[in-house]
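Chain and residue survey
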Amino acid sequence: MDERYEAQAIEPKWQAEWERSGLYLTAEDRSRPKFYLLEMFPYPSGEGLSVGHLHNYVPCDVSGRFHRMRGYNVLHAMGWDAFGLPAENDALLKKLHPKQTVPRYAANFKRQLKLAGCAYDWTREINSSTPEYYKWTQWFFLLLYRRGLAYRAVGAQWWCEKCLSILANEQVIDGCCWRHTDTPVTKKELEQWYFKITAYADRLLEDLDTIDWPERIKLMQRNWIGRSEGAELSFPVADHPGEQVKFFTTRPDTVFGVSFMVLAPEHPLVARITSPQQRAEVESYIAQARRQSEIERLSTIKEKTGVFTGAYAHNVFTKENIPIWIADYVLMGYGTGAIMAAPGEDQRDFEFARKYHLPIPRVTAPADGSRPPADRAYTDHGVTVNSGFISGMPTAEAIAAVAKYAQENNIGRPTVSYRMRDWLISRQRYWGCPIPIVYCKKCGIVPVPEDQLPVILPDMVDYQPSGTGRSPLANLPEFVNTACPGCGGPAERETDTMDGFACSSWYFLRFASPHETRAPFDREAVDYWLPVDLYVGGAEHAVMHLLYARMWTKVMYDAGLINFKEPFPVLRNQGIIWAADGQKMSKSKGNVVTPDAMVDKYGADALRLWELFMGPFEEPTNWNEDGVVGTARFLTRVWNFVRRYVEAGCPQGNPGEQTRRKTHQAIRTATDHVERLRFNTALAALMDELNYLARLEPAEIGREAVETYVLMLAPMAPHIAEEMWRALGHTDSVHLQNWPGFDPALARDEVVTVVVQINGKVRDKLEIAADSAEDQVRQRALQSAAVQRHLDGRTPKKVIYVPNKLLSIVV
RNA sequence: GCGAGAGUGGCGGAAUGGCAGACGCGCCGGACUUAGGAUCCGGUGCCGCAAGGCGUGGGGGUUCAAGUCCCCCCUCUCGCACCA
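A quick note: this is a predicted structure, and the numbers were derived from the prediction, not measured.

Side note on the protein's contact with RNA strand B
Lys-304, Tyr-334, Arg-348, Met-614 and Arg-678 are the nearest of the 52 residues found near RNA strand B. In RNA strand B, atoms within 4 Å of the protein come 63% from sugar and phosphate. Thr-249 is positioned with one of its side-chain polar atoms (N or O) 3.1 Å from a sugar or linking oxygen of RNA strand B. Within the backbone of Leu-331, a nitrogen or oxygen atom sits 2.7 Å from a base nitrogen of RNA strand B. Per-element tally for the surface near RNA strand B: the top contributor is helix H22 (residues 679-693), with 6 residues.

Structure, rendered in structure tokens:
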């Protein structure tokens, strides 16, 4: 071993050697237990990886290496989420083609991951923008189509002026585009393809209970799905025979308190029922609502506004005619776009009724007999009053009674409503997976037959989005014009491409058999490897990728393609690493720290250790380069410790009892903490052990302590561990060894410190043989001078003994 | 507004209701050095010469014992935000 630890000298050497020997290739030994470790599919951006990104990749790498040493067959592979708007927007900005930029960026990511010593089986690398991959994305589209889960519909949809494309609901954040957070989305009327994710709403909701995910993420999905039970009812419109207002309510028990109705301004009924006198006012209100941005419209602070249509609905329960209004607090996108207003029991309706002097009947009274508050709605459950046949019923009973009555009298039925809408997947952009559909005048919508897949994304020089609502592919006659697969006659191809999230909805299956050409995956390989044992990624995908991938998995399950219902039974979110200034790391802010710079300065192992040590894996924290100095220093100390031992001739040694105990305790702690992804404290345990061992002589340390130390360091600092392992005389890689086990008997403390408290204050500490009897401990304590001083002659009233920990005396 | 999470030394952070501050950074002192952003040794929550006292956002409570459990309040982060 060299006298000085030089990371730059040993790291490239071992990386080359591991690659040469195929150390990280996945073993296809299906007799062993498997461990499928996966990080979320990264989009390889032109900025490259920062030390922030590594806070995901390094800990995962440690977990993978750890599991490999524990005897698992580990699948850990990497690929690129290369299709989609981010890649295309970047290429447009740089006046290049994504076909050039994507491979270049991906290669850079790969180089950086290797630089950091992350162990992937690169023979399994995938790229969603290659025909070998997107052929199967198209195949899945057809699977969904066949199963009635892909359909075309016209509707007003979210449009981003910067993306020049339609977006899915999930991709609109605070009224802005998820990729352009300063750009409010607008609505555009287009015919689009949808995936029927709502058909899976209940299962997506229920199965959340079966998976081990952060509660926060589960909650976000539950809220996003937004299931609510209630009833759909309808009231006839007075003087408009045949017209009805259909509405959804979660509180059918309040129907007797309904004093007006409200429609969304876009509701189709508005045009048909508005009276001539009200027409001008109604139309101007609709125009104004349309002009408002989504943010303005959804602002809850804003005072509610609305306009009377001049029409009345007949409340079939009270037999009264009630006015129909339009107001923008009613959303066309939820329920039926119409509500019954029960101002006594709904705060929004209450505010609206107050403003426009509409009646506020009270039909729910608090169960305790008190009066409902006068200045607001009473929204809690209670007892129904002033409500005909349901008067006197508790709210829950009244809800059921009205739903039953409605059904029996053809007024409505109990129903469930969801906040989640179907997933809109059409994108009017070039850089995406072509939708495998053909339009024929004679046959209509015709799916491209499987044997004609993939529909190749043609090369295009001029691929700028047009903004017309059609993809640039529409400008390529040789792409558009085709023969109908059904009748052979002239037909046109679909020119929209798929949302990039389609590609990432099945990629986790592809890693099991990445080169399979006859199917998206090999069934046997998937049966062995899937589902993913540990999935790690950022929380920002809570309602996008994670929801979509779950849906596709359920579709595949239903189709009998796979035997599991959830793709990611265990999910963890790594904490975000902010820049040193507390802001997001970004090129534009000039605060990005690259792994390249850190490796250059301190070495990959030191960088890796700091990524692990800087804080709990799942907690966010700020980047602080000073910490890398600390872990680099630690590695130097390890180096010198092992070097001293090697230079002493690697003595078997005769370690004392305490040294052996320290060693076995360190193994116990490190094993437990790495298992639970508590890398910071696992490393602290190793540092602590080094502090103890480093002051001993080589013969006192002995081979067991040194070797287990190097083995435990191996997943975290693979290069230095390999170098030291070889220096200890081994010819095979440290990464092929077993993780050390510990002997609980050896790890057990023989002598423990028992704290003596008097009235809750620590007055003395006793060194006592472990598991001493209480009597002995008590006797020892009473002999203590400090204890006697503080007892001051008083007799103990009560004594509590916690074995091996504490003796608490109360006087 | 609603929901979730968090608040511990100068800093990052440790602590199944049982010695608060492990481990590291920084800082102070020392050793070795021509030199130090190298290495090694010691110290380092606050007040106090000491004995001791005080300390986990603030206030109350439960307990022999509270960073940890309960109630109220403050601050920060995230998510949702007229979903009928």
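Okay, back to it.
Re the sheet that holds strand E9 (residues 186-195)
With antiparallel pairing, the 4 strands of this open sheet are ordered in space as E6-E5-E9-E19. Edge positions in the sheet fall to strand E6 (165-166) and strand E19 (423-424), since each of these pairs with one other strand and no more. Here helix H5 (residues 131-146) sits on the sheet in contact with strand E5 (150-160) and E9, set at roughly 85 degrees to E9.

Overview of the sheet that holds strand E2 (residues 73-75)
On the basis of which strands lie adjacent, the open sheet formed by 4 strands has the order E2-E1-E27-E28 and parallel pairing. Every other strand in the sheet has two partners, leaving E2 and strand E28 (571-573) as the edge strands with one partner each. Strand-to-strand twist of the sheet, defined as the mean angle between neighbouring strand axes without regard to direction, takes the value 20 degrees. Sheet topology places strand E1 (residues 34-39) next to E2; 3 bridges connect them, and they run parallel. Bridge pairing links Phe-35 to Val-74 in E2. Lying on the sheet, helix H2 (residues 51-69) is in contact with E1, E2 and strand E27 (534-537); it crosses E1 at an angle near 175 degrees.

A look at unusual backbone geometry
Note the cis peptide between Leu-453 and Pro-454, where omega equals 0 degrees. With respect to the helices and strands, Pro-454 occurs in the loop between strand E23 (444-447) and helix H13 (477-480). With an omega dihedral of -5 degrees, the bond running from Leu-530 to Pro-531 counts as a cis peptide bond. One can find Pro-531 in the loop between helix H16 (523-529) and E27. Positioned with a positive phi, Asp-239 is a non-glycine residue whose angle comes to about 65 degrees. Here Asp-239 shows up in the loop between strand E10 (228-236) and strand E11 (244-249). Among the residues examined, Asp-239 registers a relative accessible area of 77% and is labelled exposed. For Cys-650, which is not glycine, the phi dihedral falls at a positive 50 degrees. One can find Cys-650 in the loop between helix H20 (626-647) and helix H21 (657-675). Given a relative accessible area of 16%, Cys-650 falls into the buried group.

Let's talk about the pairing of strand E31 (residues 751-758)
Of all 8 residues in E31, 6 are buried; the element is thus mostly enclosed. Sheet topology note: the E31/strand E32 (residues 761-769) ladder contains 8 bridges and is antiparallel. Counterpart to Val-752 in the pairing with E32 is Ile-768. Linking two consecutive strands that pair antiparallel, namely E31 and E32, is a turn of 2 residues; a positive phi of about 50 degrees is found at Asn-759 within it. Two elements, E31 and strand E34 (residues 806-810), share 4 bridges in a ladder whose sense is parallel. When the sheet's bridge partners are listed, Ile-758 is paired in E34 with Ile-809.

So, helix H17 (residues 545-558)
Over its 14 residues, H17 extends 20 Å from the first C-alpha to the last, a length consistent with the 20 Å expected when each residue adds 1.5 Å. Of all 14 residues that make up H17, 12 are buried, and the element is covered over most of its length. Buried within H17 are the following residues: His-545, Leu-546, Leu-547, Tyr-548, Ala-549, Arg-550, Met-551, Trp-552, Thr-553, Lys-554, Val-555 and Met-556. In the segment just after H17, Gly-560 is the residue with positive phi, at about 75 degrees.

A look at the pairing of E5
As paired strands, E5 and E9 are joined by 10 bridges and run antiparallel to one another. Residue Val-154 lies in a different strand from E9, and its bridge partner there is Glu-191. In the sheet, E5 pairs with E6 via 2 bridges, with the strands oriented antiparallel. In the strand pairing of E6, Cys-160 is matched with Ser-165. The hairpin formed by E5 and E6 contains 4 residues between the paired strands, and Leu-164 there has a positive phi angle of roughly 55 degrees.

Brief notes about the packing of aromatic side chains
Across all of its chains, the model carries 49 aromatic pairs by this definition. Residues Phe-83 and Trp-431 carry aromatic rings whose centres are separated by 5.0 Å and whose planes lie at 75 degrees to one another, so their mutual orientation is edge-to-face. Here Trp-431 lies in the loop between strand E20 (426-427) and strand E21 (433-434) and Phe-83 lies in the loop between strand E3 (79-80) and helix H3 (85-93), a separation of 348 residues in the sequence. Judged by its relative accessible area of 4%, Phe-83 is buried. Ring centres 3.6 Å apart and planes at 5 degrees place the aromatic pair Trp-423 and Tyr-548 in the stacked group. Of the two residues, Trp-423 is situated in strand E19 and Tyr-548 in helix H17; the sequence distance between them amounts to 125 residues. Owing to a relative accessible area of 0%, Trp-423 belongs among the buried residues under this scheme. The buried category is assigned to Tyr-548, whose relative accessible area is 0%.

Notes on helix H18 (residues 595-602)
Note that an α-helix has 3.6 residues per turn; residues three or four places apart therefore point the same way. The set of residues buried in H18 consists of Pro-595, Met-598, Val-599 and Tyr-602. All buried residues of H18 project into a common sector of 100 degrees when viewed along the axis, lining one side. Turned more than 90 degrees from where H18 packs its buried face, Asp-600 and Lys-601 sit exposed. Tucked into the core, H18 has its buried residues touching helix H1 (7-21), H2, helix H4 (98-115), helix H19 (604-613) and H20.

Description of the pattern of salt bridges
Summed over the entire model, instances satisfying the criterion amount to 51 salt bridges. Note that Glu-450 and Arg-146 form a salt bridge whose closest N and O atoms lie 3.2 Å from each other. Taken together, the residues Glu-450 in the loop between E23 and H13 and Arg-146 in helix H5 connect sequence positions 304 residues apart. Because the salt bridges share partners, they merge into one network encompassing Asp-207, Arg-550, Lys-554 and Glu-566.

Section: the environment of Ala-7
Inspection of the secondary structure puts Ala-7 in helix H1. When its relative accessible area of 3% is taken as the criterion, Ala-7 is described as buried. A C-alpha to C-alpha distance of 81 Å links Ala-7 and Phe-317, two positions 310 residues apart in sequence. With residues near it in sequence (within four places) discarded, Ala-7 still touches Pro-12, Tyr-602 and Gly-603.

Rules and cut-offs
- Residues numbered from 1 in each chain as written.
- Chains lettered and ligands numbered in written order.
- Predicted model: local features only at pLDDT ≥ 70, side-chain atom pairs only at ≥ 80, totals over all residues.
- Heavy atoms only, no water.
- Near = heavy atom within 4 Å.
- Polar contact = N/O pair within 3.5 Å; in protein donor to acceptor, adjacent residues only side chain to side chain.
- Helix = DSSP H or I, 4+ residues; strand = E, 2+ residues; numbered from the N terminus.
- Pairing = 2+ DSSP bridges.
- Contact = heavy atoms within 4.5 Å.
- Axes fitted to C-alpha atoms, helices over the stretch in contact; angles between N-to-C directions.
- Buried < 20%, exposed > 50% of the residue type's maximum accessible area, 1.4 Å probe, protein only.
- Expected span 1.5 Å × (residues − 1).
- Phe/Tyr/Trp six-rings, centres within 6.5 Å; stacked < 30°, edge-to-face > 60°.
- Arc of directions from axis to C-beta.
- Salt bridge = Lys/Arg side-chain N within 4 Å of Asp/Glu carboxyl O.

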